[in-house]
Each structure stands twice: as C-alpha cells, then as structure tokens.
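Examining the three-dimensional arrangement
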Amino acid sequence: QVQLVESGGGLMQAGGSLRLSCVVSGDIESIASMGWAHQAPGKERDIVARDFSSGRTQYQPSVEGRFTISRDNAKDNTKSTVYLQMDRLKPEDTGVYYCAASHTNDYRWDYWGQGTQVTVSS
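Calculation rules
- Residues numbered from 1 in each chain as written.
- Predicted model: local features only at pLDDT ≥ 70, side-chain atom pairs only at ≥ 80, totals over all residues.
- Heavy atoms only, no water.
- Salt bridge = Lys/Arg side-chain N within 4 Å of Asp/Glu carboxyl O.
- Helix = DSSP H or I, 4+ residues; strand = E, 2+ residues; numbered from the N terminus.
- Buried < 20%, exposed > 50% of the residue type's maximum accessible area, 1.4 Å probe, protein only.
- Contact = heavy atoms within 4.5 Å.

**Comments concerning the pattern of salt bridges**
According to the stated counting rule, one finds 3 salt bridges in the structure shown. Taking the shortest distance from any N to any O, the salt bridge between R71 and D51 comes out at 2.7 Å. Placement of R71 in strand β7 (residues 67–73) and of D51 in strand β5 (residues 45–51) is noted, with a sequence separation of 20 residues between them. Its relative accessible area of 27% is what places R71 among the partly exposed residues.

**Some details on the environment of Q114**
Residue position: Q114 is located in the loop between β10 (111–112) and β11 (116–121). Using a relative accessible area of 47% as the deciding quantity, one classes Q114 as partly exposed. Between the alpha carbons of Q114 and D51 there is a distance of 19 Å; along the sequence they are 63 residues apart. When neighbours within four sequence positions are excluded, Q114 is seen to be in contact with L4, V5, E6 and Y98.

Structure, rendered in structure tokens:
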C-alpha cells in the first residue's frame, strides 16, 4: 500500500506562484510514475503533469512552461516527495489538485491523495 498526502495549496493572485508537495509513504519502491491532476469546479479530474520512472516529464499544453513536476526520494527509501511548482498562475488554474501514483508507466493510476485547493484570483 502507498499513502499520499498533499499540502501547499492556497489563495494566490494571477501571475503569482505556489508550490504543492505530496509526501509518498509505504511501498514506494513499487511506484513507477507520479502525477498531479487538476479538477476545476464542475469539471472532471485531469492529469496535468507526470513524472515517469525514466525521469521524463510530461505536461498538458495548458500548463507547459508554467508548471514543473519534480520528485525527491529519501536516501533510506522510506518516503518520497513529489512537487508541483506552479508559476505564472492563471484564474483557470483554480481547482483541487490531486497527487497520483502508479505502479506502471501507462495511464492507469493506482493511488490518489485527498487533494489540496488552489484558488487564483484575477
């Protein structure tokens, strides 16, 4: 089992920056890829950034060049922290952000965090 706990959300003006964190614990060696999903009000949840086990990253066009996903593994492999650096925020970035983990590098997600709210004012 793997547990994901997000933090770092909040209220920010357009053009500002936020950094979200996701602490991953449990059987982290079984995790291949990590991602961040965005759920805007009244919309479905969509993965906007992904970090593959190879180190390759992938972004939705709406966040490309503004958001950066990164992963930091503890030396003893007891936990991992995944970050989402969000720069040049836009009001349409508002929503709940979820951390996700997958045992594979395909498009199935096995674990989700509880989500953290991000609100960007114009």
